[in-house]
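If you want the building blocks of each chain, they are given just below.
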Amino acid sequence: MSHRIEIIMKGHLPDPTGLKTKARIHNDLGITTADVRTADVFIINRKLTEPQLRLIVHDVFCDPVIHTAAIDAPVDYPYDWLIEVGFRPGVTDNVGRTATECIERTLQGKFDTGEAVNSRKLYFLRGNLTREDADRIARDLLANDLIQAWTVFAPAAERVSGRALSRPQATAAVIETINLEVDDVALMEISSKGVLALNLEEMKTIRKFFREPSFVAERARRNVGPQITDCELELLAQTWSEHCKHKIFNAIITYDPGTGRTVTINSLFKTYIQRSTEEIRKGRGADDYCLSVFKDNAGVIRFDDNWNIAIKVETHNSPSALDPYGGALTGIVGVNRDPFGTGMGAALIFNTDVFCFAPPNYSGAIPPRLLHPRRVFEGVREGVEHGGNKSGIPTINGAVVFEDRYLGKPLVYCGTGGIMPALINGKPSHEKQARVGDRVVMVGGRIGKDGIHGATFSSEELHESSPVSAVQIGDPITQKRMTDFLLVARNRGLYSSITDNGAGGLSSSVGEMAQECGGAELHLEHAPLKYPGLQPWEILLSEAQERMTVAVPPKSLAEFLDLAAAMDVESTDLGSFNDTGYFTVYWKDKIAALVPLDFLHEGLPPMRLNARWTPPEHTEPQPTAEREFTATLKRLLGRWNICSKERLIRQYDHEVQAGSIIKPLIGATDDGPGDAAVQRPVYDSPRGLAVGCGIAPRYSDIDTYSMMAAVIDESVRNIVAVGADPDYMAGLDNFCWCDPVQSEKTPDGEYKLAQLVRANQALYDVTTVYRIPCVSGKDSMKNDYSIGDTKISIPPTVLFTAIGVVPEVTRAVTPDFKAAGDVIYVLGVTKDETGGSEYFAEIGFVGSKVPQLPDPAASIAMYRALHKAMQQGLIASCHDLSDGGLAVALAESCFSGGLGADIRLKSLPLENVTQDDAALFSESLSRFVVSVAHGDVKAFEAAMAECPLGKLGRVTEERRLRVTGLNDEIVIDADIEELQAEWIKPLGR
């Protein structure tokens, strides 16, 4: 039996959710409604008495001052159309799960198996709307058909008290075998139908191994047949997925740089990324502050003698394309678990987020299975907002990039930093070791169908058969409760190793931890499930969220489980770690998977790929005859990639935990753009941590080598600009690429792979000179959409995140001009480098003169000199020059500080620049605008004597930006409030 409870705001009170929905219907769909009212619905699948129902309504769901409730009857509210939205069977329903827990506490009794609460939402629409309007509102705004079901009720239709959507009928859980002794076509059909993302060579490698006489004999000894089981094939597929094994980055590549003479690259990762970090660390000797790199869930550096910092940045692109809210929410709570599962576990102290979307005003056709960019934008924003805010973790840094090609797949980069004591119970906190005999304990949420094939799905392009089951819905509240518990357990020394259940779920977490001691035994029948009916392989692979796996010594197991129960965190003993050399998975005393660890982790054959570089050709515009650029500057400030992101930033909590020193918005009225964040992670220490990022996908249309150099330089500039020590930095590289493997559907694969090679070469060249070690990273290699004749590939995109230590947070610097009379300088040389710039994009060109970093040694020397001047207190403001160049940076520093500026371009350090537009809008690298108090000018100029420096002018009390051009004519004359208004207009406040 089930009951339905509906809760609605009283008619005389405003409904904030309804008002927001009404505005979105108008703004996103162009449909005008007179009124939108919402109600919450709870379907309780349990037999309850009338007094129990009234108690639940009063104590759990309803505030009698503001709400009206109806039990097993519809609420009475007028409508012209009514839309009801609920999750499909098998999709995580966090609100329903929370309601279940609340009812259990109220009634002081647990729900039985099969009993639960489902949540839904009602939307009462009033106005002159057609059925077509109502259907469109439901389909295009209120519900995602992949994970939600919806019903539209007409005005005259009787609204029946609905019941819960039924779960799929539970089928008997069985272990199935798969015959691999078939031809090549049939092998690939097995891979394709199973969403395994295994190529023919990989399928043949698995088949060959399962023919090995010694392995067949061992299986027979263990009463396992010779044919591979579904659990084994799924286990190998997720472990060998591009997502987990980075097959392209570890491929053997034959590369032609355009000379006709090829070179062989044995692993891009080892040749460029890992080698760079190894050389930097070796060069630092005893001063090496890297503690754990490329071997755990996150990178770890020493913050000071007593504390370490762990940091990781992940992508969640494919799930966010299908379900922007759920995909992004899972992205942020998922990456939270990476630092938390690093070493013995880090307390989480900050989040970052960087998004790449098609523009919200996109007006072209939307191909099948894609959502409008505006909906993707809002869903991703809300998902990351809910994940971070509800977890109590501040979001301190980020960026948003808009480009039409991200229509095919949005990019959702989420990052998290954590802090851990240098020593925990007398042992280094960054080290962990599962031991033989330790129990395999799963902690946190339960297992469901959500997230199955997440790793393999993310290793493919988005296509017609992309599985709904890959979508996960995160629950930050459950995760916060879990992490609070595990930190207590950590401090009590109750576990010896920990990792998260990310891609591949238990198959990944236990399979990886087994390497620490040499084997593991897992019993799936003990795993707690959200509902019955999951097959053994689904239990093994599900990526259902909010779960960690820990290795608990037998002597600590009882205390661990008692503490979990006391803190209301579900924890389950699923097996043990051993030294057998096998990952053995059981289902009810029968072996479901028996796979040697060395084959599981080392048996993947390397890919062999070809790459050929041919420089692209782009038309250069004719020199402009324009002599006044005020209107151009205003247009640039209103471009999607430059305009204010305040509307997004304000919805993220960047104050929680009270450690934020420089926040995302800065200036006289806290509404200007910052370069990087500064956080004080240890409250009784003046030492700070700066976090910044660089991303420039347009440059990749010209040359990915230049693009990579630019994003590294930008991220370093950002943190140096706020006070970070350029000799105490670390980086994270996150590659998002279109498919670079030559094939019939990717005929330019060799060129795209050459782009990837060049980007890696630049990473090595720049990081080794800057001495910024990469401590972690990730790649996402199949960011394409392909359905029918339509293929959309993202531009090759790299996010480079930089963290650095700020020796003294009171010396931190922001970009806003501080006082009239301060002297304005530009550090660095401005060149004729407008290729790929926002200025060229505004006038409809790509160009070819992409910004170059010809002498990174000179750049890092300048950054060291600038940092020294900051430590001496000589810098009033500092702003790095990036999108839009000098003119945009000056405008931002002016309106952030509420002050004006008089500028002369003739004083710029220039190289091959003869046009005012190039001087104003070039995006040349390694440049800053700084302001210096009049009394500090001599000391500042002495400090920067060896650096390219130009004294441009002064900060003025008059709130205007005036710029005199190279020919002594006024080229910009604008009121700063007008400039700021153009900057705010696109996204608003």
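In this text, all values refer to a predicted model and were calculated from it rather than measured experimentally.

Colleague: So, the overall build of the chain: which residues are in play, and what are the values?
Modeller: The helix and strand tally for the chain stands at 29 helices and 45 strands. Taken against the 2.2 N^0.38 rule, which gives 30 Å for 989 residues, the C-alpha radius of gyration of the chain at 29 Å falls within 12% of a compact globule. Dimensions along the principal axes, computed over C-alpha positions, put the chain at roughly 85 × 75 × 60 Å. Counting over 989 residues, the chain shows a buried share of 62%. Taking the intrachain contacts of the chain between residues at least 6 apart in sequence as the baseline, contacts between residues at least 24 apart amount to 82%.

Colleague: I'd like a description of the sheet that holds strand β40 (residues 900–904), backed by residues and values.
Modeller: Where strands meet in a sheet, backbone hydrogen bonds hold them as pairs that are either parallel or antiparallel. Across the sheet, seven strands lie side by side as β39-β42-β37-β43-β40-β44-β45; this open sheet has mixed pairing. Two strands bound the open sheet, and with one partner strand each, they are β39 (877–880) and β45 (970–975). Neighbour to neighbour, the strand axes of the sheet diverge by 15° on average, direction disregarded. Judged from the four bridges that link them, β40 and strand β43 (residues 949–956) form a sheet pairing that is antiparallel. In the strand pairing of β43, Ile 903 is matched with Gly 953. Docked against the sheet, helix α22 (residues 704–722) engages β39 and β42 (928–932), running at close to 170° with respect to β39.

Colleague: Please set out the pairing of strand β2 (residues 35–44) residue by residue, giving values where relevant.
Modeller: For β2, a buried count of eight out of ten residues is recorded, marking the element as mostly surrounded by other parts of the structure. Alignment of strand β1 (residues 3–9) against β2, held across six bridges, turns out to be antiparallel. The residue bridging Arg 4 from the neighbouring strand is Ile 43, located in β2. Where β2 and strand β5 (residues 117–126) come together, ten bridges link them in antiparallel fashion. Across the sheet, residue Asp 35 finds its bridge partner in β5, namely Arg 126.

Colleague: How would you sum up the packing of helix α1 (residues 16–29) against helix α13 (residues 373–391)? Please name residues and give values.
Modeller: Where α1 contacts α13, the axes come no closer than 11 Å and their chain directions differ by 150°. Relative to α13, α1 is oriented roughly antiparallel. Relative to α13, the crossing made by α1 is right-handed. Taking contact as the criterion, the partners of Lys 20, Arg 24, Asn 27 and Asp 28 in α1 are, on α13, Arg 374, Glu 378, Arg 381 and Glu 382. By residue class, the composition of the contact of α1 with α13 is no nonpolar, one polar and seven charged.

Colleague: Quick one: what's the story with unusual backbone geometry, residue by residue and with numbers?
Modeller: Although it is not a glycine, Lys 588 adopts a positive phi angle of roughly 55°. Its location among the elements puts Lys 588 in the loop between β24 (582–587) and β25 (590–596). Relative accessible area serves as the criterion here: at 56%, Lys 588 is assigned to the exposed category. With a phi angle near 70°, Asp 589 is a residue other than glycine that sits in the positive phi range.

Colleague: Kindly report on the pattern of salt bridges, identifying the contributing residues and their values.
Modeller: By the definition in use, this model includes 66 salt bridges. Between Glu 385 and Arg 381 there is a salt bridge, and its shortest N-O distance comes to 2.5 Å. Remark: Arg 381 and Glu 385 occur in helix α13; sequence separation between them is four residues, near one turn of the helix. With respect to burial, Glu 385 and Arg 381 carry one shared label: buried. In this structure, Lys 634 and Glu 978 form a salt bridge, with 2.9 Å as the shortest nitrogen-oxygen distance. With Lys 634 in helix α20 (residues 630–637) and Glu 978 in helix α29 (residues 976–984), this pair connects stretches of sequence that are 344 residues apart. Three or more residues are tied together by salt bridges with common partners; here these are Arg 97, Glu 101, Arg 105, Arg 481 and Asp 568.

Colleague: Describe the environment of Glu 969, listing the residues and the values that go with them.
Modeller: In this structure, Glu 969 sits in the loop between β44 (960–964) and β45. Note on Glu 969: relative accessible area 36%, which makes it partly exposed. Considered as a pair, Glu 969 and Phe 485 are 484 residues apart in the sequence and their alpha carbons are 66 Å apart. Of note is the side chain of Glu 969, whose polar atom sits 3.0 Å from the side chain of Arg 627.

Colleague: Can you lay out the side chain of Asp 675 for me, pointing to particular residues and giving the numbers?
Modeller: Structurally, Asp 675 is set in the loop between β29 (672–673) and β30 (677–679). Summary of buried charges: Asp 675 has no salt-bridge partner, and the nearest side chain of opposite charge, Arg 717, is 7.9 Å away. Here the side chain of Asp 675 touches His 879 through a polar contact of 2.9 Å, side chain to side chain. The contact partners of Asp 675, leaving out residues within four places of it in the chain, are Asn 397, Asn 718, Ala 721, Val 722, Pro 815, Cys 878, His 879 and Asp 880.

Definitions and limits used
- Residues numbered from 1 in each chain as written.
- Predicted model: local features only at pLDDT ≥ 70, side-chain atom pairs only at ≥ 80, totals over all residues.
- Heavy atoms only, no water.
- Helix = DSSP H or I, 4+ residues; strand = E, 2+ residues; numbered from the N terminus.
- Rg over C-alpha atoms; globule rule 2.2 N^0.38 Å.
- Buried < 20%, exposed > 50% of the residue type's maximum accessible area, 1.4 Å probe, protein only.
- Contact = heavy atoms within 4.5 Å.
- Pairing = 2+ DSSP bridges.
- Axes fitted to C-alpha atoms, helices over the stretch in contact; angles between N-to-C directions.
- Parallel < 35°, antiparallel > 145°, perpendicular 65-115°, else oblique.
- Left-handed = near helix turned anticlockwise from the far one by under 90°.
- Nonpolar A, V, L, I, M, F, W, Y, C, P; charged D, E, K, R; others polar.
- Salt bridge = Lys/Arg side-chain N within 4 Å of Asp/Glu carboxyl O.
- Polar contact = N/O pair within 3.5 Å; in protein donor to acceptor, adjacent residues only side chain to side chain.
- Lys, Arg positive; Asp, Glu negative; His and termini not counted.

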